[in-house]
Amino acid sequence: MGFEKGDAKKGANLFKTRCAQCHTLKEGEGNKIGPELHGLFGRKSGHVAGFSYTDANKQKGVTWEEGTLFDYLENPKKFIPGTKMAFGGLKKPKDRNDLITFLQEETK
């Protein structure tokens, strides 16, 4: 199973409760504990200016798109061993689909 279009409203709530404490969405909002997510789709892992990434993130070399995010968000530490992202992941595929659908709109 891979990414399928989800419910952006449910994704917005997931972002608010699980992601917003560490990440911003809009251009110019900048980095927090985690890198800003503006321009996320099509960006390579470990490449936001001004954010201090682990070598693991810099060297992973993935391009963030629906499929890679779907896999990453299930278990970030398994997808990128050595990442400093302190997030256990979203185990339910539906939650990941909803969040990614929301991010597609909100990070442009």
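Residues numbered from 1 in each chain as written. Predicted model: local features only at pLDDT ≥ 70, side-chain atom pairs only at ≥ 80, totals over all residues. Heavy atoms only, no water.

1. Details of the packing of aromatic side chains
- All chains considered together, the criterion is met by 5 aromatic pairs.
- With a centroid separation of 4.8 Å and 70° between ring planes, the pair formed by Phe51 and Tyr53 is classed as edge-to-face.
- A centroid spacing of 4.9 Å and a plane angle of 55° characterise the contact between Trp64 and Tyr72, whose relative ring orientation is tilted. Neither residue differs from the other here; Trp64 and Tyr72 are each classed as buried.
- The lysine or arginine in question, Lys60, covers the ring of Phe79, its NZ or CZ lying 4.7 Å from the ring centre. (Phe/Tyr/Trp six-rings, centres within 6.5 Å; stacked < 30°, edge-to-face > 60°. Buried < 20%, exposed > 50% of the residue type's maximum accessible area, 1.4 Å probe, protein only. Lys NZ or Arg CZ within 6 Å of the ring centre and 35° of its normal.)

2. Digging into the layout of surface pockets
- Within this model, the largest pocket holds a volume of roughly 530 Å³.
- Taken together, 27 residues form the lining of the largest pocket, with His23, Gly34, Pro35, Tyr72 and Met85 sitting closest to its centre.
- Among the elements of the structure, helix 3 (66–74) and helix 5 (93–106) are those that each provide at least two residues to the lining of the largest pocket.
- Considering every element that reaches the lining of the largest pocket, the biggest residue donor is helix 3, with 3 residues.
- Taken together, the residues that form the lining of the largest pocket break down as 17 nonpolar, 7 polar and 3 charged. (1 Å grid on protein atoms, 1.4 Å probe; cavity = no way out; pocket = protein on both sides within 12 Å on 5 of 7 lines; lining within 4 Å. Points joined across faces, edges and corners; volume = space filled by probe spheres on them. Helix = DSSP H or I, 4+ residues; strand = E, 2+ residues; numbered from the N terminus. Nonpolar A, V, L, I, M, F, W, Y, C, P; charged D, E, K, R; others polar.)

3. Here we look at the packing of helix 1 (residues 8–18) against helix 5
- Orientation of helix 1 relative to helix 5, taken along the N-to-C sense of each, is 95°, at an axis distance of 7 Å. The orientation of helix 1 with respect to helix 5, classified from their angle, is roughly perpendicular. From helix 1, Ala8, Lys10, Gly11, Ala12, Leu14 and Phe15 reach across to helix 5, where they touch Lys94, Asp95, Asp98, Leu99, Thr101, Phe102 and Leu103. (Axes fitted to C-alpha atoms, helices over the stretch in contact; angles between N-to-C directions. Parallel < 35°, antiparallel > 145°, perpendicular 65-115°, else oblique. Contact = heavy atoms within 4.5 Å.)

4. Remarks on the nonpolar core
- In this structure, Phe15, Trp64, Tyr72, Leu73, Leu99 and Leu103 are the most contacted members of the largest nonpolar core, which totals 21 residues.
- Sequence-distant contacts of Tyr72, that is, excluding residues within four places in its chain, are made with Trp64, Phe79, Ile80, Thr83 and Met85. (Core = buried A, V, L, I, M, F, W, Y, C linked by side-chain atoms within 4.5 Å.)

5. Points about the UniProt feature "domain: Cytochrome c" (unreviewed entry) in the protein chain
- Feature annotation in UniProt places "domain: Cytochrome c" (unreviewed entry) on residues 6–107, given in this structure's numbering.
- Between the end C-alpha atoms of residues 6–107 the distance is 16 Å, and the span holds 43% helix and 0% strand. (UniProt positions renumbered as here; feature names shortened; annotations may be inferred.)

6. Regarding helix 3
- When helix 3 is considered as a whole, its buried residues turn out to be Thr68, Leu69, Phe70, Tyr72 and Leu73.
- Against helix 4 (76–79) and helix 5 lie the buried residues of helix 3.
- The residue sitting at the N-terminus of helix 3 and contributing the capping side-chain oxygen is Glu65; that oxygen lies 2.8 Å from the backbone nitrogen of Gly67. (Polar contact = N/O pair within 3.5 Å; in protein donor to acceptor, adjacent residues only side chain to side chain.)

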